[in-house]
Protein chains: 2
Amino acid sequence: MRTRPLKVALLGCGVVGSEVARIMTTHADDLAARIGAPVELAGVAVRRPSKVREGIDPALVTTDATALVKRGDIDVVVEVIGGIEPARSLITTAFEHGASVVSANKALLAQDGAALHAAADDHDADLYYEAAVAGAIPLIRPLRESLAGDKVNRVLGIVNGTTNFILDKMDSTGAGYQEALDEATALGFAEADPTADVEGFDAAAKAAILAGIAFHTRVRLDDVYREGMIEVTAADFASAKAMGCTIKLLAICERAADGGSVTARVHPAMIPLTHPLASVRGAYNAVFVESDAAGQLMFYGPGAGGAPTASAVLGDLVAVCRNKLSGATGPGDSAYTQLPVSPMGEVVTRYHISLDVADKPGVLAQVATVFAEHGVSIDTVRQQGRQDGGGDASLVVVTHRASDASLTGTVEALRNLDTVRGVASIMRVEGE
Amino acid sequence: MRTRPLKVALLGCGVVGSEVARIMTTHADDLAARIGAPVELAGVAVRRPSKVREGIDPALVTTDATALVKRGDIDVVVEVIGGIEPARSLITTAFEHGASVVSANKALLAQDGAALHAAADDHDADLYYEAAVAGAIPLIRPLRESLAGDKVNRVLGIVNGTTNFILDKMDSTGAGYQEALDEATALGFAEADPTADVEGFDAAAKAAILAGIAFHTRVRLDDVYREGMIEVTAADFASAKAMGCTIKLLAICERAADGGSVTARVHPAMIPLTHPLASVRGAYNAVFVESDAAGQLMFYGPGAGGAPTASAVLGDLVAVCRNKLSGATGPGDSAYTQLPVSPMGEVVTRYHISLDVADKPGVLAQVATVFAEHGVSIDTVRQQGRQDGGGDASLVVVTHRASDASLTGTVEALRNLDTVRGVASIMRVEGE
Ligand SMILES: NC(=O)c1ccc[n+]([C@@H]2O[C@H](COP(=O)([O-])OP(=O)(O)OC[C@H]3O[C@@H](n4cnc5c(N)ncnc54)[C@H](OP(=O)(O)O)[C@@H]3O)[C@@H](O)[C@H]2O)c1
Ligand SMILES: NC(=O)c1ccc[n+]([C@@H]2O[C@H](COP(=O)([O-])OP(=O)(O)OC[C@H]3O[C@@H](n4cnc5c(N)ncnc54)[C@H](OP(=O)(O)O)[C@@H]3O)[C@@H](O)[C@H]2O)c1
């Protein structure tokens, strides 16, 4: 075993960074055995230098992250600051000064993954980011390496713990969105500003990263269709139950049936209770992967939290350090299949549509005609008179598989029918 | 990209080997892109040379596997023959002649893993075997690499598809063991001689491999406690249901609470219906991993079959080829923590015990005294008069956590009580 240590610069020492530092200290011997050389924490960049940080030698702490990555003796930079800048410049500077990089930064990777991978390649450096998607769950490595000899057709997952917690609460208690969000906030599962989670931005960043790796193609954040879950109601859960389903916020990356294009999207969807994703509770994450040879695989675990995320960061750190020692680099970017990313309109799936309609003869026939005219075939229809006796009824239509564009056309035409008072909800049905 | 191909020798072209060859041909471009050089099938060793093998150039087929691995121009040997010999000698010879090895051979790895790893190290070669445990499910790589910076405390899994199929049938239909086995055989889920599966030998080999990797220690097949599932009855399933449980054949590898030793075992056990492993149906496999930082992870997928197993083999092939090109080797054997493997008596878990007892006053007190004398604390007792009115009753005792040795002592003493007519079943309770 080499005795000269590999030097690690830690950028950020918050929820994740402090756990990375802790494990590097407490597991130093194990890490050295697994890497083949000791690792030394050579510097820690933060914003507030005076904050007391347990277990961290104050002499290592600096507010000048740029100077730290420019030192020239740093082997690996661990970026757990988050956000676009200064993280992006720091990572690029790290590559320029001979370091490899481990990052947990999904926002940055989703936005600038291509440029960062190119920078890593230019300097024969590694860029690893297992922690950026689904926290502790090994997912990037299995997709990049274990399935490297297979062809992935679909990735379907729950990749945001906050929204899963909220939806699980709504499902199990009948609570509305706001009530469930309040509980999530009180328990620390949602941030003070939950927008990134509940509007699906966080999941969309992960979908972009997953689609890129799964399909060896470039998928940018803008390519991902995104719909949040703030409009999911207790009534939607009741409809889902009636169908033997529950509702999850899903990230779905698919290869088109003809193999010529891919899609990536994030939206709430009904999935059957018998689907393994339906039983993913609380803030857990789980991702289903379907491939030609392996069939259906699922990966499940904690999607966030300091220690779980640090576990993923450290797994990457060990790999990157081993590569440094052997002079090799790991499997880098593999966007060699430049498949086009199709718009949402070309996605094909099933739909659950609730309509408020006039309670009179012939309405069903009218509605059915509109579906038929748009080439959307109906699987089941459930018709209910309303409790309030107001002369209105509700009509729940579940379709066979159809393109999103046809469905959108259908819904527009339905809204123009006199007998349709309103479209109460439209929800996609997945996982069948 | 390098244009000179890497040469692969395929040893065995049966269920798994034929799929490996097929994917190497159909996915040749993808593999080349992921590796950075084309891969060429340079030879295929089989037993019956005249058998027609679709898609395989007959000029490549040989019965002289030894000559093939000795050719000297082979970069990677893929061993999918199975069994101990000639597989072991062929792998060793491959290392001696400069090749790296990918194998799916659990029996060999469990028995001789240490010697094979040493041979690989001696020749700076790779030995990869993702397919040896849980077929297509990425498990070895996540344990070896993704969790390399974490500390694994427990691996708990369903690693044999045949027995899971049988137990799932018994659970869902109320069938007995023989009836469920017959169905499994008819459907091709069990071999003509099902011994290796139903007696737990196959699962024990996988447990040895998993424990070794998870705890960085040497665990031999003989170290694994093994109990098959042929004695599981419909009555056991009824008892399990009454407790809100089902029965699975589990492979369980644990680090002792004090961290100073490990255990590995395979036996049927009751697990709560709420545990994610309880809903693993049919011939699927799933493995739970518990670690310090990551918490609970689960990996799920097809545990066998030609194409799924080939997917794992090819993932390894890509990694090994990449290493060949860069002149590096992957993470090898890591048995640097030589922890002792404790015998079954030291395993601590809960038990579900069914006793046939005389239906008269004082029996429960007698039985409870025996448990107390052996330091086994009782959680619940359920007492039932028998339907046949024969003056006998049944007593179902569920214990708190106790060592296997104390439980064995308890059961022996119970058998010596006049009022205990027999011990109908003893089943461990896991996953709580
Ligand atoms: N938290 C999770 O569960 C989780 C899960 C998966 C991925 N991630 C990702 O991990 C990354 C870090 O998340 P986190 O939760 O650990 O964030 P955090 O708790 O807010 O910590 C951020 C750290 O970065 C430091 N920092 C901020 N701006 C800086 C600057 N300009 N220069 C130097 N240091 C600066 C902060 O310094 P001070 O300590 O002085 O404020 C703090 O130590 C993010 O990319 C996030 O998406 C987090
Ligand atoms: N099948 C699965 O689902 C599965 C799953 C996980 C792991 N595995 C492992 O994968 C390995 C292969 O399994 P399999 O199911 O593919 O077995 P298989 O169908 O029985 O194929 C064995 C192959 O090895 C060849 N062979 C046997 N003895 C040989 C010898 N002395 N020299 C050269 N070739 C020889 C056979 O040749 P002929 O074709 O001429 O008979 C056949 O092609 C085993 O280690 C198994 O444990 C299998």
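- The name given to chain A in an unreviewed UniProt entry is Homoserine dehydrogenase, with the source organism recorded as Streptomyces liliiviolaceus.
- Within the UniProt record for chain A, the comment given under Function (unreviewed entry) is "Catalyzes the conversion of L-aspartate-beta-semialdehyde (L-Asa) to L-homoserine (L-Hse), the third step in the biosynthesis of threonine and methionine from aspartate."

### Comments concerning the overall build of chain A
Then step 1. In terms of helices and strands, chain A carries 14 helices and 17 strands.
Then step 2. On C-alpha atoms alone, chain A measures out to a radius of gyration of 24 Å, which is about the 22 Å that the 2.2 N^0.38 rule sets for 432 residues.
Then step 3. Overall, chain A is about 85 × 45 × 35 Å in size when its C-alpha atoms are taken along their principal axes.
Then step 4. Classification of the 432 residues of chain A by burial places 57% in the buried group.
Then step 5. Here chain A displays about 16400 Å² of accessible surface, and carbon together with sulfur accounts for 50% of that area.
Then step 6. Within chain A, one finds 37 positive and 53 negative side-chain charges whose respective centroids are separated by 3 Å.

### Some points on unusual backbone geometry
Then step 1. Of the consecutive residues Glu85 of chain A and Pro86 of chain A, the connecting peptide bond is found in the cis state with omega at 5°.
Then step 2. By the element assignment, Pro86 of chain A lies in the loop between β4 (76–79) and α4 (87–96).
Then step 3. Although it is not a glycine, Asp124 of chain B sits at a positive phi angle of roughly 50°.
Then step 4. For Asp124 of chain B, a relative accessible area of 65% corresponds to the exposed category.
Then step 5. Phi is positive for His216 of chain B, which is not a glycine, with a value near 50°.

### A word on the nonpolar core
Then step 1. Counting 162 residues, the largest nonpolar core has Val77, Ile166 and Ile209 of chain A together with Val77, Ile166 and Ile209 of chain B as the members making the most contacts within it.
Then step 2. Core analysis: the next-biggest nonpolar cluster, separate from the first, contains 36 residues, Ala148 of chain A together with Val20, Leu317 and Val318 of chain B among them.

### Here we look at the relation of the copies chain B and chain A
Then step 1. For the pair chain B and chain A, the best superposition has an RMSD of 0.1 Å and corresponds to a rotation of 180° with a translation of 0.0 Å parallel to the axis. Look at the turn and shift together and you get a two-fold axis relating the two. Considering only C-alpha atoms, the part of chain B nearest the rotation axis is Phe299 of chain B, at 2.5 Å.
Then step 2. A shared binding surface is used by both copies, with 100% of the interface residues of chain B retained as interface residues in chain A.

### Topic: the interface of chain B and chain A
Then step 1. Contacts between the two partners involve 45 residues from chain B, matched on the other side by 45 residues from chain A.
Then step 2. Taken together, the links from chain B to chain A amount to 2 salt bridges.
Then step 3. Among the salt bridges present, the one from Arg141 of chain B reaches Glu145 of chain A, with a minimum N-O distance of 3.6 Å.
Then step 4. Inspection of the chain B/chain A interface yields 16 residue pairs in polar contact (both at pLDDT 80 or more).
Then step 5. Put simply, the parts of the chain that give the side of chain B that touches chain A at least two residues each are α2 (28–35), α6 (140–146), β11 (284–291), β12 (295–302) and α12 (306–326) of chain B.
Then step 6. For the side of chain B that touches chain A, the element with the most residues is α12 of chain B, which contributes 8 residues.
Then step 7. Considered class by class, the residues forming the side of chain B that touches chain A number 25 nonpolar, 11 polar and 9 charged.
Then step 8. Where strand β12 (residues 295–302) of chain A lies against β12 of chain B, 3 bridges are found, and the strand directions are antiparallel. By the bridge assignment for β12 of chain B, Met298 of chain A is matched with Tyr300 of chain B.

### Things to note about the domain arrangement of chain A
It is common to give the size of an interface as the accessible area that goes away when the parts come together.
Residue and element names in this part refer to chain A.
Then step 1. In terms of domains, chain A is made up of domain 1 (6–135 + 306–326), domain 2 (140–302) and domain 3 (344–429).
Then step 2. Each partner contributes to the interface: domain 1 provides 17 residues, whereas domain 2 provides 16 residues.
Then step 3. Together domain 1 and domain 2 conceal approximately 1400 Å² of surface at their shared face, both sides included; 62% is due to carbon and sulfur atoms.
Then step 4. Seen at the junction of domain 1 and domain 2, the total is 2 salt bridges.
Then step 5. Secondary structure elements with two or more residues in the side of domain 1 that touches domain 2: α5 (106–122), β6 (127–128) and α12 (306–326).
Then step 6. Broken down by element, the residue count for the side of domain 1 that touches domain 2 peaks at 5 residues, all from α5.
Then step 7. Taken together, the residues of the side of domain 1 that touches domain 2 sort by class into 11 nonpolar, 3 polar and 3 charged.

### So, the packing of aromatic side chains
Residue and element names in this part refer to chain A.
Then step 1. Considering all chains together, one arrives at 5 aromatic pairs over all chains under this definition.
Then step 2. Aromatic side chains Phe165 and Phe189 sit 4.5 Å apart centroid to centroid with 25° between the ring planes, which places their arrangement in the stacked category. Note that Phe165 is positioned in helix α7 (residues 161–173) and Phe189 in the loop between α8 (177–186) and α9 (195–198), a separation of 24 residues in sequence.
Then step 3. Here Tyr284 and Tyr300 contribute two aromatic rings whose centre-to-centre distance is 5.1 Å and whose plane-to-plane angle is 5°, an arrangement assigned as stacked. With Tyr284 in strand β11 (residues 284–291) and Tyr300 in strand β12, this pair connects stretches of sequence that are 16 residues apart.
Then step 4. For Tyr300, a relative accessible area of 11% translates into the label buried.
Then step 5. Lying over the aromatic face of Phe201, Arg226 brings its terminal NZ or CZ to 3.8 Å of the ring centre.

Here is what the cut-offs are and how they apply
- Numbering of residues begins from 1 in every chain and follows the order in which that chain's sequence is written.
- Each chain is given a letter, starting from A, and each ligand a number, starting from 1, according to the order in which they appear as written.
- The predicted nature of this model means local features are confined to residues of pLDDT at least 70 and side-chain atom pairs, given and counted, to a pLDDT of 80 or more, with totals for whole chains, interfaces and linings taken over all residues.
- To obtain the side-chain values, all non-hydrogen atoms of the structure were used and water was disregarded.
- UniProt positions are given in the numbering used here, feature names are shortened, and annotations may be inferred rather than shown by experiment.
- Each helix is a run of DSSP H or I of at least 4 residues and each strand a run of E of at least 2, with the numbering of both proceeding from the N terminus.
- Both definitions apply: the radius of gyration is a C-alpha atom measure, and the globule rule equals 2.2 Å times residues to the power 0.38.
- Burial classification: accessible surface area is computed with a 1.4 Å probe over protein chains only, and a residue below 20% of its type maximum counts as buried, one above 50% as exposed, and the rest as partly exposed.
- Method for areas: the Shrake-Rupley scheme with a 1.4 Å probe, in which residue coverage is limited to the protein chains shown.
- In this tally Asp and Glu are treated as negative and Lys and Arg as positive; neither His nor the chain ends contributes.
- One atom stands in for each charge, and that atom is NZ of Lys, CZ of Arg, CG of Asp or CD of Glu.
- Buried Ala, Val, Leu, Ile, Met, Phe, Trp, Tyr and Cys residues that are joined via side-chain atoms within 4.5 Å together make up what is termed a nonpolar core.
- A least-squares superposition brings the copies together, and it is based on the C-alpha atoms of residues with pLDDT no lower than 70 in both.
- In what follows, a contact means two residues having at least one pair of non-hydrogen atoms within 4.5 Å.
- We count a salt bridge whenever a side-chain nitrogen from Lys or Arg sits within 4 Å of a carboxyl oxygen from Asp or Glu.
- Under this definition, polar contacts are N or O atom pairs within 3.5 Å; protein pairs additionally need one hydrogen-donor-capable and one acceptor-capable atom, and for neighbouring residues in sequence, both atoms have to be side-chain atoms.
- Residues are grouped as follows: Ala, Val, Leu, Ile, Met, Phe, Trp, Tyr, Cys and Pro are nonpolar; Asp, Glu, Lys and Arg are charged; every other residue, Gly included, is polar.
- Any two strands with at least two DSSP-identified bridges between them are counted as paired.
- Segmentation of the chain into domains, including their bounds, is taken from an automatic or database domain assignment.
- The term buried area refers to how much accessible surface (probe radius 1.4 Å) is lost by two components on association, counted for both of them together.
- Each Phe, Tyr or Trp ring, with Trp reduced to its six-membered ring, pairs with another whose centre is within 6.5 Å; inter-plane angles below 30 degrees give stacked pairs, above 60 give edge-to-face pairs, and intermediate values give tilted ones.
- Two conditions define a charge located above a ring, namely a distance within 6 Å from the ring centre to NZ of Lys or CZ of Arg, and an angle within 35 degrees of the ring normal.

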